[in-house]
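# Analysis of the macromolecular model
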Amino acid sequence: MLTDATELSPPERETARFRLRELADQFTMDGTLRTAQWQAVYRRTWRHPYVPSYYPELGAGPLVSAADERQRAQWLAAVYSNETLITKVIQVPSRQGGSYPRFTSSSTLPSLLLTMLEALDVTDGRRVLEIGTGSGYNAALLCERLGSEYVTSVDIDSDLVELARERLAANGYTPTLETVDGADGYPPGAPYDRIIATCSVSAIPPAWLAQAAPGAIIMADVRGPLGGTVVRLTMNDDGVATGRFLPGYASFMPLRPAVDTFPSIPPRLTLADGAVDSVSDVDPKLLRWDDHVGFVMQWHLPEVTWRHTYAQDGDVGLQLEAPDGSGAQAWHTPENGGFLIRQSGPRRLWDRVEEAHEFWRHAGCPNYDRFGITATPTEQYVWYDHPDSEHRWPLPCPAWARATR
């Protein structure tokens, strides 16, 4: 009987070592692992101590646990695979009564973590702040590369922080770990040479900019209501960070101001009397299911909420709602040579969608890395092709950013 559920028997250890080498070779061949330093770090750093159990599906069925002898082979195979593993789920109250599951922590897809760590361009002696401790595995990789004294990791969830502390210490790592709101960074350890967030934000928190040293690199998943991906920013001597989105898609859970809260969904808007009907060539399904289209569209319509809507005949549509009372509905089933649109309020939101779609097509359907972000203490915006481009869109200012201005 194993005294620690994640302690491996000799045969399991050989299996894990083989699979880890196999993944390292795969990541080296596909370009995920590009440098000898990270190749060596990945091969040396076990993942299984940080994932003693996981949910195979979001809130569906029981945990797969290392503590269950019947599940150990399944658990070990999952841990040493290129998969995101959900490690914590809570029940969130529903407006309709009852509750529904939301996952609040996961062990991120290893290839995504390694892509970000390679792009972070850490070198010996660099001080790193990680936002989102989670399982502790990413902190372990950073400690193995730099040494524990150069790594600080924070999370809003005290349970996760304490579990990570125990697991890291058991494997010889002692980074600075704190339970704080990640939007505030961690001033006692500043300035940092690198800041990496394993959570998503709608804009770069000003505290991260303030705590970044000149020349620092900041990496985070910046996303709007229709998507986003990781951006890599470099801080200049004047406190301005700028850089491009990475070319590949990535997605993280949102930064939360409290352990048991999620962004609230505003009440559904009822389109006002006098709504105008029209037909559009733009398929509304593109905005939700084509990552690149939605990515571009959302910058043209800041502070607009997007949600599904349903007609009495069963048709599915997309509803857009703005704080000024403007709204639009776009139905998925084409009729009369196009897609039926209904708009009301002071602004014609779907007209903006069509303008954004035309920009995207005229630009040649650009990938994420044709876009970037410039972030200052008072202003942040997305740009196309170049920071001085005429095509730029302000990022909505979240509550935690407004509070610092």
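Residues numbered from 1 in each chain as written. Predicted model: local features only at pLDDT ≥ 70, side-chain atom pairs only at ≥ 80, totals over all residues. Heavy atoms only, no water.

Within the protein, the secondary structure is distributed over 11 helices and 19 strands. At 23 Å, the protein has a C-alpha radius of gyration in line with the 22 Å of a compact globule built from 405 residues. For the protein, the spread of C-alpha atoms along the three principal axes comes to 70 × 55 × 40 Å. For the protein, long-range pairs separated by at least 24 residues make up 58% of all intrachain contacts whose partners lie at least 6 apart in sequence. (Helix = DSSP H or I, 4+ residues; strand = E, 2+ residues; numbered from the N terminus. Rg over C-alpha atoms; globule rule 2.2 N^0.38 Å. Contact = heavy atoms within 4.5 Å.)

Core analysis: the biggest nonpolar cluster contains 58 residues, and Trp208, Phe245, Leu287 and Leu320 have the highest contact counts within it. A per-element tally of this core places helix α10 (residues 349-362) first, with 6 residues. The contacts of phenylalanine 245, once residues within four sequence positions are left out, are Val222, Thr229, Val230, Val231, Phe295, Trp299, Tyr368, Asp369, Phe371, Gly372, Ile373 and Val382. The next biggest cluster of nonpolar side chains, apart from the first, holds 51 residues, and it includes Trp46, Val64, Val79 and Leu177. (Core = buried A, V, L, I, M, F, W, Y, C linked by side-chain atoms within 4.5 Å. Buried < 20%, exposed > 50% of the residue type's maximum accessible area, 1.4 Å probe, protein only.)

What follows is about the packing of helix α2 (residues 36-44) against helix α5 (residues 137-146). At a minimum axis distance of 9 Å, the contact between α2 and α5 shows a crossing angle of 125 degrees. When the interaxial angle is binned, α2 and α5 end up oblique. α2 and α5 meet at a crossing whose hand is right-handed. Across the interface between the two elements, Gln37, Trp38, Val41, Tyr42 and Arg44 of α2 pack against Tyr137, Leu141, Leu142, Glu144 and Arg145 of α5. Class assignment of the residues belonging to the contact of α2 with α5 gives a composition of 6 nonpolar, 1 polar and 3 charged. (Axes fitted to C-alpha atoms, helices over the stretch in contact; angles between N-to-C directions. Parallel < 35°, antiparallel > 145°, perpendicular 65-115°, else oblique. Left-handed = near helix turned anticlockwise from the far one by under 90°. Nonpolar A, V, L, I, M, F, W, Y, C, P; charged D, E, K, R; others polar.)

Quick look at the packing of aromatic side chains now. As enumerated under the stated definition, the model contains 11 aromatic pairs in all. With centroids separated by 5.6 Å and ring planes inclined at 80 degrees, the aromatic side chains of phenylalanine 295 and phenylalanine 371 adopt a geometry described as edge-to-face. Of this pair, phenylalanine 295 sits in helix α9 (residues 291-300) while phenylalanine 371 sits in strand β17 (residues 371-375); the two residues are 76 residues apart in sequence, bridging distant segments of the chain. In this structure phenylalanine 295 comes out as buried when scored by relative accessible area, which is 1%. Residue classification places phenylalanine 371 among the buried positions, given a relative accessible area of 0%. Measuring from ring centre to ring centre gives 6.2 Å for phenylalanine 371 and tryptophan 393, while their planes differ by 40 degrees; the resulting arrangement is tilted. (Phe/Tyr/Trp six-rings, centres within 6.5 Å; stacked < 30°, edge-to-face > 60°.)

As a further point, take the sheet that holds strand β16 (residues 339-344). Sheet architecture is open: 5 strands sit in the order β12-β16-β15-β14-β13, paired in antiparallel fashion. Two strands close off the open sheet at either side, each with one partner strand: β12 (276-280) and β13 (305-310). Each adjacent strand pair in this sheet contributes to an overall mean axis angle of 25 degrees, direction not counted. Pairing of β12 with β16 involves 5 bridges; the strand directions are antiparallel. (Pairing = 2+ DSSP bridges.)

Confidence in the prediction for the protein averages 89 pLDDT; 90% of positions are at 70 or higher. For residues 400-405, every residue scores under 50 in pLDDT, and the model assigns this stretch 13 contacts once sequence neighbours within four places are set aside. (pLDDT = per-residue confidence, 0-100.)

Moving on, we get to the layout of surface pockets. Considered as a void within the structure, the second largest pocket measures approximately 250 Å³ in volume. Residue lining of the second largest pocket: 14 residues in total, with Asp4, Thr6, Pro49, Ala170 and Asn171 positioned closest to the centre. Sort the elements by how many residues they give to the lining of the second largest pocket and helix α6 (residues 158-170) lands first, with 4 residues. Grouping the constituent residues of the lining of the second largest pocket by class yields 6 nonpolar, 3 polar and 5 charged. (1 Å grid on protein atoms, 1.4 Å probe; cavity = no way out; pocket = protein on both sides within 12 Å on 5 of 7 lines; lining within 4 Å. Points joined across faces, edges and corners; volume = space filled by probe spheres on them.)

Quick look at α6 now. Between the first and last C-alpha of α6 there are 18 Å, a value that for 13 residues agrees with the 18 Å anticipated at 1.5 Å per step. Listing the buried residues of α6 in full gives Leu160, Val161, Ala164, Arg167 and Leu168. Down the axis of α6, the smallest arc covering the buried residues is 135 degrees, so these residues share one side. In α6, the exposed positions angled more than 90 degrees off the buried face are occupied by Glu166 and Ala170. Taken from the residues just after α6, glycine 172 is the one with a positive phi, measuring 90 degrees. (Expected span 1.5 Å × (residues − 1). Arc of directions from axis to C-beta.)

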